[in-house]
Amino acid sequence: MKKYFMFDELGTNYRREVLGGFTTFLAMAYILVVNPVTLTLANVKDLPDALRMDYGAVFVATAVSAAIGCFIMGFLAKYPLALAPGLGLNAFFAYTVVLVNGSPWQHALAAVFISGLFFLLLTLTGLREKLINAIPIELKLAVGAGIGLFIAFIGMQNAHIIVKNDATLVGIGNLHEPEVLLAIFGIIVTVILMVRGIKGGVFYGMVLTSIVGMFTGLVDIPEKVVSAPPSISPTFGALFSSFSDPSFYTLSMLSVILTFLFVDFFDNAGTLIAVANQAGLVKDNRLPRAGKALISDSIATIVGSILGTSTITSYVESSSGVAAGARSGFASIVTGCLFLLSLFFLPLLGIVTPAVTAPALIIVGVLMVASLGQIAWDRFEIAVPSFLTMIMMPLTYSIATGIAVGFIFYPLTMIIKGKAKEVNPIMYVFAAIFLLYLATL
């Protein structure tokens with residue numbers, strides 16, 4: 001085992017790998033709660049049953065798909081990089097595809113499945129890298145920042161910090177409501193933990209908020225801690241029914257598939273490079289086994305969609321495990337085992353309310369907008385599409401629309417600037433596709 005994972009070459013040992021894998025799990029364990037809450041639209045009232053997924057099944061799908069992704073990454077690519085359903089992509093799945101577009105969640109899962117297949121094909125053929133390189137770095141950064149704003153906006157809505165306002169569309173909520181105060185407490189506590197550099201600060205913030213909620217009577221105390229995992233049958237294989245439904249084959253659904261592809265492109269590539277650099281695994285400006293790492297998330301996404309969850313992606317929280325000493329894929333194996341163990345602790349999730357999950361969404365949003373400083377805001381032809389990409393996501397409640405607007409304006413502003421030849425031809429194809437998409441809205 002030590003030889004397979006190259007412990008001696010990487011200067012690591014079992015203790016460091018186990019500690020690193022456990023640290024990574026604590027840093028990203030919030031997804032076990034946030035993903036089921038998001039995909040089931042648990043915070044949306046009066047939603048038809050046909051549009052609401054089964055909570056227990058999504059929880060199982062989340063834990064199992066995360067474990068599978070970690071195992072593939074650990075054994076195949078041998079990187080200390082953990083995977084799970086991605087924040088932002090799950091929000092797009094639930095709030096845009098299902099809630100706004102009114103598509104059945106089975107169709108959304110089918111779109112994830114197809115995007116995973118394309119992802120795998122593009123990776124195996126080498127086209128994935130060409131498509132990524134065709135998109136200017138500023139738009140990649142803007143997409144990440146826009147998703148961060150969108151996630152934070154959803155978190156504030158769920159906690160009723162931001163509410164509907166007939167005069168101004170949105171406004172500040174009633175800050176005297178106990179649930180709102182609990183969410184604000186959670187935000188403050190989580191910020192303190194993150195500022196102090198506490199590993200797993202988001203997870204611990206949720207735990208402390210839940211404890212305070214139980215003491216104040218705002219959160220129900222669970223009757224038990226351990227139970228058998230719920231059935232996954234309500235979501236398992238449900239996506240395949242979409243392929244016999246004519247309403248699935250629309251231009252709108254094509255844009256959904258492309259959005260899943262684009263966002264996953266940026267997320268995985270960026271996270272892989274960042275974590276590998278931190279671990280000292282980049283050699284001569286090249287990343288060994290990069291192809292295997294990219295294949296890992298493709299396979300995990302395909303499996304995850306069959307189980308019943310949104311796109312699986314690499315987690316930047318893996319950097320906390322690397323900081324704790326992880327250097328090999330063995331740490332990812334440890335993280336995967338902990339995800340499987342979590343299957344037996346569903347009763348504990350009953351204490352997780354919107355006030356508890358909101359701080360996690362908001363803090364993750366903060367982390368995702370950190371890339372804004374790298375955009376050349378002094379170049380107006382770059383600033384316009386970047387800004388529109390970012391701002392349109394929360395304002396239209398759609399990641400796809402934000403990407404569409406930005407990808408249309410980029411070649412337009414570059415042409416006006418006289419730099420049409422600097423635009424990759426693939427970007428013109430993207431612009432045409434998204435023009436058709438917006439025309440169907």
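- The name that an unreviewed UniProt entry assigns to the protein chain is NCS2 family permease, with the source organism given as Lysinibacillus xylanilyticus.
- Taken from UniProt, the Subcellular location (unreviewed entry) comment for the protein chain reads in full: "Cell membrane".
- The record in UniProt for the protein chain states the following under Sequence similarities (unreviewed entry): "Belongs to the nucleobase:cation symporter-2 (NCS2) (TC 2.A.40) family. Azg-like subfamily."

### Topic: empty space enclosed by the protein
Here's step 1: One pass over the structure, following the stated rule, counts 3 cavities of 30 Å³ or more.
Here's step 2: Taken as a whole, the largest cavity holds about 40 Å³ of empty space.
Here's step 3: Counting only elements with at least two residues in the lining of the largest cavity, the list comes to α5 (89–100) and α8 (137–158).
Here's step 4: When the residues that make up the lining of the largest cavity are grouped by side-chain class, the tally is 5 nonpolar, 2 polar and no charged.

### Focus on the packing of helix α10 (residues 201–215) against helix α15 (residues 354–368)
Here's step 1: For the pair α10 and α15, the least separation of the axes is 9 Å and the interaxial angle reads 155°. One finds that α10 runs roughly antiparallel with respect to α15. Here the hand of the crossing between α10 and α15 comes out right-handed. Of α15, the residues touching α10 (which contributes V202, M206, T209 and S210) are A355, V356, T357, A360 and I363.
Here's step 2: Among the residues making up the contact of α10 with α15, the classes are represented as 6 nonpolar, 3 polar and no charged.

### Some words on the packing of helix α6 (residues 105–125) against helix α12 (residues 290–307)
Here's step 1: Viewed as axis vectors pointing N to C, α6 and α12 meet at an angle of 160°, and their least axial separation amounts to 8 Å. Viewed along their axes, α6 and α12 adopt a mutual orientation that is roughly antiparallel. Two packed elements cross with a definite hand, and for α6 against α12 that hand is left-handed. On α12, the residues touching L109, V112, F113, G116, L117, F119, L120, T123 and L124 of α6 are G291, L294, I295, D297, S298, I299, T301, I302, S305 and I306.
Here's step 2: Class assignment of the residues belonging to the contact of α6 with α12 gives a composition of 12 nonpolar, 6 polar and 1 charged.

### Re the pairing of strand β3 (residues 169–172)
Consecutive residues of a regular strand have side chains that alternate between opposite faces of the sheet.
Here's step 1: Both strand β2 (residues 162–165) and β3 contribute to a ladder of 4 bridges, which runs antiparallel. Counted as the bridge partner of N165 is L169 from β3.
Here's step 2: Where β2 folds back onto β3 in an antiparallel hairpin, the turn is made up of 3 residues.

### As for unusual backbone geometry
Here's step 1: For M6, which is not glycine, the phi dihedral falls at a positive 55°.
Here's step 2: Relative to the helices and strands, M6 resides in the segment before α1 (7–10).
Here's step 3: Phi is positive for K78, which is not a glycine, with a value near 65°.

### Some details on the side chain of E381
Here's step 1: Position of E381 relative to the elements: it lies in helix α16 (residues 380–396).
Here's step 2: Residue class for E381 comes out buried when judged on its relative accessible area of 7%.
Here's step 3: Separated by 3.1 Å, the side chains of E381 and R379 make a polar contact.
Here's step 4: One polar contact links E381 to K419, side chain to side chain, over a distance of 3.3 Å.
Here's step 5: If we ignore the near neighbours within four places in the chain, the residues touching E381 are T413, M414, K417 and K419.

### Brief notes about the packing of aromatic side chains
Here's step 1: Tallied over the entire structure, the rule returns 15 aromatic pairs.
Here's step 2: Taking 6.0 Å as the distance between ring centres and 40° as the angle between the ring planes, the aromatic pair formed by F5 and F75 counts as tilted. Residue F5 is located in the segment before α1, and its partner F75 is located in helix α4 (residues 55–77); the two are separated by 70 residues in the primary sequence.
Here's step 3: The exposure class of F5 is buried, given its relative accessible area of 1%.
Here's step 4: Overall, the relative accessible area of 40% leaves F75 in the partly exposed class.

### Re the side chain of E17
Here's step 1: Tracing the chain through its elements places E17 in helix α2 (residues 14–28).
Here's step 2: In this structure, E17 is buried with no salt-bridge partner, the nearest side chain bearing the opposite charge being R16 at 5.8 Å.
Here's step 3: The residues contacting E17, other than those within four sequence positions of it, are F7, T12, G325, A326, R327, S328, F330, A331 and V334.

### Comments concerning a nonpolar patch on the surface
Here's step 1: Residues V225, V226, L341, F344, F345 and L348 make up a contiguous nonpolar surface patch of roughly 480 Å² in combined accessible area.
Here's step 2: Mapped onto the elements of the fold, V225 is located in the loop between α10 and α11 (251–278).
Here's step 3: Judged by relative accessible area, V225 falls into the partly exposed class, the value being 41%.

### Digging into the nonpolar core
Here's step 1: Counting 118 residues, the largest nonpolar core has F93, Y95, F339 and I403 as its most contacted members.
Here's step 2: Element by element, the count of residues in this core is highest for α6, at 10 residues.
Here's step 3: Non-local contacts of F93, meaning those with residues more than four positions away in its chain, are made with L39, M53, V98, W105, A108, L109, V112, F260 and S310.

### Details of the pattern of salt bridges
Here's step 1: This model, assessed by the stated rule, comprises 2 salt bridges.
Here's step 2: Notably, a salt bridge pairs E381 with R379, separated by 3.1 Å at the nearest N-O pair.

Conventions we followed
Residues numbered from 1 in each chain as written. Predicted model: local features only at pLDDT ≥ 70, side-chain atom pairs only at ≥ 80, totals over all residues. Heavy atoms only, no water. UniProt positions renumbered as here; feature names shortened; annotations may be inferred. 1 Å grid on protein atoms, 1.4 Å probe; cavity = no way out; pocket = protein on both sides within 12 Å on 5 of 7 lines; lining within 4 Å. Points joined across faces, edges and corners; volume = space filled by probe spheres on them. Helix = DSSP H or I, 4+ residues; strand = E, 2+ residues; numbered from the N terminus. Nonpolar A, V, L, I, M, F, W, Y, C, P; charged D, E, K, R; others polar. Axes fitted to C-alpha atoms, helices over the stretch in contact; angles between N-to-C directions. Parallel < 35°, antiparallel > 145°, perpendicular 65-115°, else oblique. Left-handed = near helix turned anticlockwise from the far one by under 90°. Contact = heavy atoms within 4.5 Å. Pairing = 2+ DSSP bridges. Buried < 20%, exposed > 50% of the residue type's maximum accessible area, 1.4 Å probe, protein only. Polar contact = N/O pair within 3.5 Å; in protein donor to acceptor, adjacent residues only side chain to side chain. Phe/Tyr/Trp six-rings, centres within 6.5 Å; stacked < 30°, edge-to-face > 60°. Lys, Arg positive; Asp, Glu negative; His and termini not counted. Salt bridge = Lys/Arg side-chain N within 4 Å of Asp/Glu carboxyl O. Patch = residues over 30% accessible without salt bridge, like charges linked within 9 Å, V, L, I, M, F, W, Y side chains within 5 Å. Areas by Shrake-Rupley, 256 points an atom, 1.4 Å probe, with all protein chains shown as cover. Core = buried A, V, L, I, M, F, W, Y, C linked by side-chain atoms within 4.5 Å.

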